[in-house]
Amino acid sequence: MSAARLTIDLDAIAANWTRLARLCRAETGATVKADAYGLGADKVARRLASAGVRSFFVALAEEGAQIRQAVGSGPRIFVFSGHMAGDTQLLRNLDLIPLLNSPEQLARHFDALPRHPFGIQLDSGMNRLGMEPAEWKMVRDHAIAADPLLVMSHLACADESEHLFNAQQLDAFVNMTAGYAGPRSLAATGGILLSPEYHFDLARPGIGLYGGAPFDAARPVVSIALPVIQTREVAVGEPVGYGCSWLAERPSRVATVAAGYADGILRALSNATRLWAGDRPCPVVGRVSMDLITVDVTDLATVPDALDLLGPHQGIDALADDAGTIGYEILTSLGTRYRRRYLGSSI
Ligand SMILES: *Cc1c(COP(=O)(O)O)cnc(C)c1O
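Reading the values: rules and limits
- Residues numbered from 1 in each chain as written.
- Predicted model: local features only at pLDDT ≥ 70, side-chain atom pairs only at ≥ 80, totals over all residues.
- Heavy atoms only, no water.
- Axes fitted to C-alpha atoms, helices over the stretch in contact; angles between N-to-C directions.
- Helix = DSSP H or I, 4+ residues; strand = E, 2+ residues; numbered from the N terminus.
- Parallel < 35°, antiparallel > 145°, perpendicular 65-115°, else oblique.
- Left-handed = near helix turned anticlockwise from the far one by under 90°.
- Contact = heavy atoms within 4.5 Å.
- Nonpolar A, V, L, I, M, F, W, Y, C, P; charged D, E, K, R; others polar.
- Salt bridge = Lys/Arg side-chain N within 4 Å of Asp/Glu carboxyl O.
- Buried < 20%, exposed > 50% of the residue type's maximum accessible area, 1.4 Å probe, protein only.
- Core = buried A, V, L, I, M, F, W, Y, C linked by side-chain atoms within 4.5 Å.
- Domains from an automatic or database assignment.
- Pairing = 2+ DSSP bridges.

### A closer look at the packing of helix 1 (residues 10-23) against helix 3 (residues 41-51)
No. 1: Where helix 1 meets helix 3, the closest approach of the two axes is 9 Å, and the angle between their N-to-C directions is 45 degrees. Considered as vectors, helix 1 and helix 3 are oriented oblique to each other. Crossing of helix 1 against helix 3: the hand is right-handed. Within the contact between the two elements, helix 1 uses Leu10, Asp11, Ile13, Ala14 and Trp17 and helix 3 uses Lys43, Val44, Arg47, Leu48 and Ala51.
No. 2: Class assignment of the residues belonging to the contact of helix 1 with helix 3 gives a composition of seven nonpolar, no polar and three charged.

Laid out in structure tokens, this is it:
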């Protein structure tokens, strides 16, 4: 059995949601797009629903369909991409709520599914998704008369609490929704942590649930153990791996473990991170290849059956720093080859 082991702690995800919900004065939903950040949308959504989540957020209608099947008919499921051509049947049959992001989508929705619930997505400055102030002005009365379930926008810099753009977007959102008395949403994980002004009526955390920055108080959710396939002695001056990018500077023992960039262990981690034998760090030496990683275990008295990539001494953000990326990309890259084990109940 050489598949790498990925352990996902569902109880930690539920505990992280509960902690964020306590910090937030509004209803706290959960963002479970991209297969719950790679961790398994069905199991994660079921666990979160049993912890008390009543509003889920996904990127695509297809993802919403999967969440609906997992959690049943109770919870609300919002779709960030709105009402795209071809989405109508899924939205209707699975009772999904599109967050309409342009006057064209609004027209499509009112035309195809009159009286079907919807929300509105506004652009408060990020210039990525949502109606611009001028577009919103044109359709605002018409849209509000149809009673949206939510009017939302998204912050570009919420992970940097001092960033001046946060207050600017808050202002823009308040102005665009002035006089509208229905439910509003602005905060994801970062926005919850900024201050209560950002909470409005519904928050949509994702990364904090899965143990990532900027939610420093999060419980770690993911651990990964990589089985050692082989160990060998490497003499001074000998290379290891593709491109001979590492040369032994002392008589070394090198372990080869069974995972690689095909498992989302990014190639940028070549010669740039470490695996752990309990609390002993063992540097990755040479290039990460598709299925294999080589590790300097010279300083270990005995080489264990497996070495940890993610665990108590190294979390997703530490690994992301080593790769020059963010915890989100580490999680969503993990791939399908792991032997997955879930801790905690998923009812
Ligand atoms: C991904 C996403 C979220 C969740 O963000 P986190 O930073 O993971 O908490 C919330 N809202 C929108 C619009 C998103 O795209």
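Moving on from the model shown.
### Quick look at the pattern of salt bridges
No. 1: Inspection of the entire model under this criterion finds nine salt bridges.
No. 2: Where arginine 219 meets aspartate 9, a salt bridge forms, and the shortest distance between an N and an O atom there is 3.8 Å. Placement of arginine 219 in the loop between strand 10 (202-203) and strand 11 (222-234) and of aspartate 9 in strand 1 (residues 5-9) is noted, with a sequence separation of 210 residues between them.
No. 3: Residue class for aspartate 9 comes out buried when judged on its relative accessible area of 17%.
No. 4: For the salt bridge of aspartate 263 with arginine 337, the shortest nitrogen-to-oxygen distance reads 2.9 Å. Of this pair, aspartate 263 sits in the loop between strand 14 (252-257) and strand 15 (274-277) while arginine 337 sits in the loop between helix 11 (327-332) and strand 19 (339-343), placing them 74 residues apart in sequence.
No. 5: On the basis of relative accessible area, arginine 337 is assigned to the partly exposed category, the value being 41%.
No. 6: Bridged by salt links that share partners, the residues Arg250, Asp296 and Asp299 form one connected network.

### Quick notes on the nonpolar core
No. 1: Ranked by internal contacts, the top residues of the largest apolar core, which has 71 residues, are Ile13, Leu39, Leu48, Phe56, Tyr210 and Leu226.
No. 2: Split by domain, this core shows at least three residues from each of two domains, domain 1 (10-210) and domain 2 (222-343).
No. 3: When sequence neighbours within four positions are dropped, the list of residues in contact with phenylalanine 56 reads Ala30, Val32, Ala45, Leu48, Ala49, Ile67, Val71, Pro75, Arg76, Ile77 and Phe78.
No. 4: Counting 20 residues, the second-largest nonpolar core is a separate cluster that includes Trp136, Ala143, Met176 and Tyr180.

### Some words on the sheet that holds strand 9 (residues 184-185)
Strands in a sheet are paired, the pairing made by backbone hydrogen bonds, and the direction either parallel or antiparallel.
No. 1: Here we have seven strands laid out as an open sheet, ordered 3-4-5-6-7-8-9, and parallel in their pairing. This sheet does not close on itself; its edge strands, each paired only once, are strand 3 (30-31) and strand 9.
No. 2: Here four bridges tie strand 4 (residues 55-58) to strand 5 (residues 76-79), and the two strands are oriented parallel to one another. Across the sheet, residue phenylalanine 57 finds its bridge partner in strand 5, namely phenylalanine 78.
No. 3: With respect to the sheet, helix 6 (residues 103-112) is in contact with strand 6 (97-100) and strand 7 (119-121), its orientation differing from that of strand 6 by roughly 145 degrees.

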